[in-house]
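Descriptive analysis of the structure
Given next are the chains, with one letter for each unit.
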Amino acid sequence: MHIRRMTPADIETVVAIDTAAGILQPWSTNAYARELLKQTTFCWVAEVEGRLAGSLTMWEVVGEAEIANVAVHPDFWRQGIGRALVQTALDKAAELGFTRIMLEVRASNTAAQSLYRAFGFIEDGRRTAYYTNGEDAILMSRVETSGQ
Ligand SMILES: CC(C)(COP(=O)(O)OP(=O)(O)OC[C@H]1O[C@@H](n2cnc3c(N)ncnc32)[C@H](O)[C@@H]1OP(=O)(O)O)[C@@H](O)C(=O)NCCC(=O)NCCS
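Each value, and the rule that gives it
Residues numbered from 1 in each chain as written. Predicted model: local features only at pLDDT ≥ 70, side-chain atom pairs only at ≥ 80, totals over all residues. Pairing = 2+ DSSP bridges. Helix = DSSP H or I, 4+ residues; strand = E, 2+ residues; numbered from the N terminus. Axes fitted to C-alpha atoms, helices over the stretch in contact; angles between N-to-C directions. Buried ≥ 20, exposed ≤ 12 C-beta atoms within 10 Å, placed from the backbone.

**Thoughts on the sheet that holds strand S4 (residues 64-72)**
Taken together, 7 strands build an open sheet; the order of strands is S1-S2-S3-S4-S5-S7-S6 and the sheet is mixed. Strand pairing shows two members of the sheet lacking a second neighbour, strand S1 (2-5) and strand S6 (122-127), which therefore form its edges. Taking each pair of neighbouring strands and ignoring which way they run, the sheet shows an average axis angle of 25°. Alignment of strand S5 (residues 100-106) against strand S7 (residues 137-143), held across 7 bridges, turns out to be antiparallel. The residue of S7 that forms the bridge with Arg106 is Ala137.

Quick look at the structure:
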């Protein structure tokens, strides 16, 4: 598996992966194109034998970071790709000196919550009926301290 920064040529496949992975409100190709132009947004893809298997987008929010999107194609679930993508984001956040990393996840999405907990993210809030299907959003964050 190889992780690299996303390029415009990856976008259509990334959107297809988001959809296949069941992301509730997948971003459009235009939304990804806009993010790729920003200095404060970081998008990575994971490749397995030349095939795109997943992606992660993190952006800066005033000195902190937010994992805005992560998805792995179902063909590649439980092979460590999500973990590798999150680790890549955490490494970048540490390099840039971000003090906190935040994210929101659907209350029913126990797979993603387990992944984040394994990295020391803790639940620190909830937004009731946040998603279009009426589901709550769980807010999670990880405070960066030296040695973590
Ligand atoms: C969440 C997601 C990105 C995980 O990707 P992945 O490549 O399968 O994850 P990994 O193989 O790296 O798993 C790392 C750990 O996460 C947890 N995990 C992952 N999938 C899980 C599942 N289905 N059930 C329970 N725990 C799970 C486990 O702790 C796992 O470690 P283990 O395999 O050693 O037990 C993937 O399931 C996905 O794309 N889901 C749909 C999109 C999504 O939910 N995105 C997150 C929105 S906030």
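**Notes on the pairing of S4**
In terms of residue burial, S4 counts as a mostly covered element, since 7 of its 9 residues are buried. Inspection of the sheet shows strand S3 (residues 51-61) paired to S4 by 8 bridges, in the antiparallel sense. The partner of Val61 across the bridge, within S4, is Glu64. Between the antiparallel neighbours S3 and S4 lie 2 residues, among them Val62 with a positive phi of about 40°. The pairing of S4 with S5 spans 2 bridges and is classified as parallel. If you follow Ala65 over to S5, its bridge partner there is Ile101.

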